[in-house]
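# A structural walkthrough
Take a look at the letters that make up each chain.
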Amino acid sequence: MTRTEGGYQWREQLNVGNDLIDSDHKHLIELINRVQSCLGASEGVLTSAMNEFSKFLDVHFSREEKIVRAACGEPLAQQIYESHLALLSTLRQIQKESRGAASGSRIQQINGFIGDLMVHLIKQELLMKPALSKFSPSFAPG
Ligand SMILES: [Fe+2]
């Protein structure tokens, strides 16, 4: 993962070998870049970028958990599920506290969260790769 002036860039090394997950991750990076480009914008603009990001993160995590459970089994599925829960709880907290909070600390919280999510994408989700390689890239559990 590299962060340039234009934001984070998706790289081949992030490929986990499942089309649904990989295309979700690309979209996630676009939404992260949008949030970061709105950090200096008005409260309303930032809140709406954060809402879009958070809504998609929910959808993506559920989709990914189904795929991981079906393709990789335990204990990885549980590990990823728990890590998703922790990330979502931090994000909810940031969204709840954001009203009226100083913008400097809000920016720090958001950037901190994005950093944690990136570490998750790089370190944890790549653990799915060996198991996913035994399935077609178009694998989607019913
Ligand atoms: Fe993911």
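One can find the structure itself at the top, above this paragraph.
Note that the structure is a prediction, hence the values are computed from the model and not measured. (Residues numbered from 1 in each chain as written. Predicted model: local features only at pLDDT ≥ 70, side-chain atom pairs only at ≥ 80, totals over all residues.)

The end-to-end C-alpha distance of helix 2 (residues 43-71), which contains 29 residues, comes to 41 Å, matching closely the 42 Å that a straight helix rising 1.5 Å per residue would cover. Among the residues making up helix 2, those that are buried are Leu 46, Ala 49, Met 50, Phe 53, Glu 64, Ile 67, Val 68 and Ala 71. Where helix 2 is buried, its residues touch helix 1 (19-37), helix 3 (76-97) and helix 5 (129-132). Backbone geometry just downstream of helix 2 places Gly 73 in the positive-phi region, at approximately 65 degrees. (Helix = DSSP H or I, 4+ residues; strand = E, 2+ residues; numbered from the N terminus. Expected span 1.5 Å × (residues − 1). Buried ≥ 20, exposed ≤ 12 C-beta atoms within 10 Å, placed from the backbone. Contact = placed C-beta atoms within 7 Å.)

Another aspect to go through is the environment of Gly 73. Examined against the element boundaries, Gly 73 turns out to sit in the loop between helix 2 and helix 3. The sequence separation of Gly 73 and Ser 37 amounts to 36 residues, and the corresponding C-alpha distance is 37 Å.

Counting 10 residues, the largest nonpolar core consists of Val 16, Ile 21, Ile 67, Val 68, Ala 71, Cys 72, Ala 77, Ile 80, Met 128 and Leu 132. The element best represented in this core is helix 2, accounting for three residues. (Core = buried A, V, L, I, M, F, W, Y, C linked by C-beta atoms within 7 Å.)

Here the focus is the environment of Ser 23. With respect to the helices and strands, the residue Ser 23 is situated in helix 1. Looking at Ser 23, the number of C-beta atoms within 10 Å reads 12, which means it is exposed.

Axes are the key here: two packed helices are described by the angle between their axes and the distance separating the axes. Their axes nearest at 10 Å, the elements helix 1 and helix 2 cross at an angle of 160 degrees. Relative to helix 2, the element helix 1 lies roughly antiparallel. The handedness of the crossing between helix 1 and helix 2 is left-handed. In contact with Leu 20, Ile 21, Asp 24, His 27, Leu 28, Leu 31, Ile 32, Arg 34 and Val 35 of helix 1, helix 2 contributes Ala 49, Met 50, Glu 52, Phe 53, Phe 56, Leu 57, His 60, Arg 63, Glu 64 and Ile 67. Tallied by class, the residues present in the contact of helix 1 with helix 2 amount to 12 nonpolar, two polar and five charged. (Axes fitted to C-alpha atoms, helices over the stretch in contact; angles between N-to-C directions. Parallel < 35°, antiparallel > 145°, perpendicular 65-115°, else oblique. Left-handed = near helix turned anticlockwise from the far one by under 90°. Nonpolar A, V, L, I, M, F, W, Y, C, P; charged D, E, K, R; others polar.)

Everything listed here is a matter of geometry and, on its own, says nothing about what the molecule does.
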